[in-house]
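What follows is each chain in one-letter form.
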Amino acid sequence: MNKVTHQFITEEYEGIEFLNVPDAELLIRARLFTANAYAPYSNFKVAAVAKLVDGQIVKGVNQENAAYPVCICAERVLLSTAAMLHPNVGIETMAISYLNENGSSETPISPCGVCRQSLVEYQQRTNQVIRLILSGQKGKVFIVENVESLLPLSFSNKSMM
Ligand code: THU
């Protein structure tokens, strides 16, 4: 029997002022775009803004529903939009921010399990590594260089070959 450790590195910054200009601009867009979320049930507004490899910008916000399981996270709204409008154009960087109307918005959040699965598939289907910039309305910023690191031992089409 072997014990195997799976680990990954995140970059952690004390604030947006320590990011390079393109990353800071993308994060600012995500922070502002939380205003467009439809989150009347949780009051937890999430926005994802991505820069594609060709420089185009794609956005998503969470879409809630009175039937709670129908809710869609911002990240998957973005991925569906990108796939529809810009098929085969990879995502270079995605900034994810949130506005918690019931509490603070100072600690980065990271994608839920369903979104991690979707992000990994998107990375694989476009053959383009996706970077994530994670932060609330202010405070620390985490950068994840490759979404696959968020889902070790993930199930993918490779598993079915
Ligand atoms: N949510 C997202 O949109 N993205 C995340 O990464 C985490 C959670 C949404 C789903 C739901 O509308 C609300 O945030 C509270 O869970």
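The residue numbers shown here count from 1 along each chain, following its written sequence. With the structure being a predicted model, the display of local features is reserved for residues of pLDDT at least 70 and the display and counting of side-chain atom pairs for 80 or more, all residues being used for whole-chain, interface and lining totals. Hydrogens and water molecules were not included; the side-chain quantities draw on all heavy atoms of the structure.

Colleague: Looking at this structure, how should I read the pairing of strand β6 (residues 141-144)?
Modeller: Walk down a regular strand and you will see the side chains alternate between the two sheet faces. Examined bridge by bridge, strand β1 (residues 10-13) and β6 share four bridges and lie antiparallel to one another. Residue pairing for β6: Tyr 13 is matched across the bridge by Val 141. Note: two strands are recorded as paired if DSSP finds a minimum of 2 bridges between them. In DSSP terms, a helix is any run of H or I states spanning at least four residues, a strand is any run of E spanning at least two, and both are numbered starting from the N terminus. Where strand β5 (residues 131-135) meets β6, four bridges bridge the pair, whose relative direction is antiparallel. Considered in β6, the bridge of Ser 135 is made with Val 141. Between β5 and β6, which pair antiparallel in sequence order, lie five residues; one of them, Gly 139, sits at a positive phi of approximately 90°.

Colleague: What should I look at first to understand the pattern of salt bridges in this one?
Modeller: Once the charged atoms of two side chains with opposite charge are near each other, the side chains can pair. Salt bridges are identified by distance alone: a Lys or Arg side-chain nitrogen within 4 Å of an Asp or Glu carboxyl oxygen. As enumerated under the stated definition, the model contains six salt bridges in all. Linking Asp 23 and Arg 131 is a salt bridge whose minimum nitrogen-to-oxygen distance equals 2.9 Å. In this pair, Asp 23 sits in helix α1 (residues 21-33) while Arg 131 sits in strand β5, placing the two residues 108 residues apart along the sequence. Using a relative accessible area of 8% as the deciding quantity, one classes Asp 23 as buried. With a relative accessible area of 17%, Arg 131 lands in the buried category. Ionic pairing is found between Glu 145 and Arg 131, a salt bridge with its closest N-O pair at 3.4 Å. Of this pair, Glu 145 sits in the segment after β6 while Arg 131 sits in strand β5, placing them 14 residues apart in sequence. Working definition: with a 1.4 Å probe on protein chains only, accessible area under 20% of the residue-type maximum means buried, over 50% means exposed, and in between means partly exposed. Owing to a relative accessible area of 36%, Glu 145 belongs among the partly exposed residues under this scheme. One connected set of salt bridges, linked through shared partners, spans Asp 23, Arg 131 and Glu 145.

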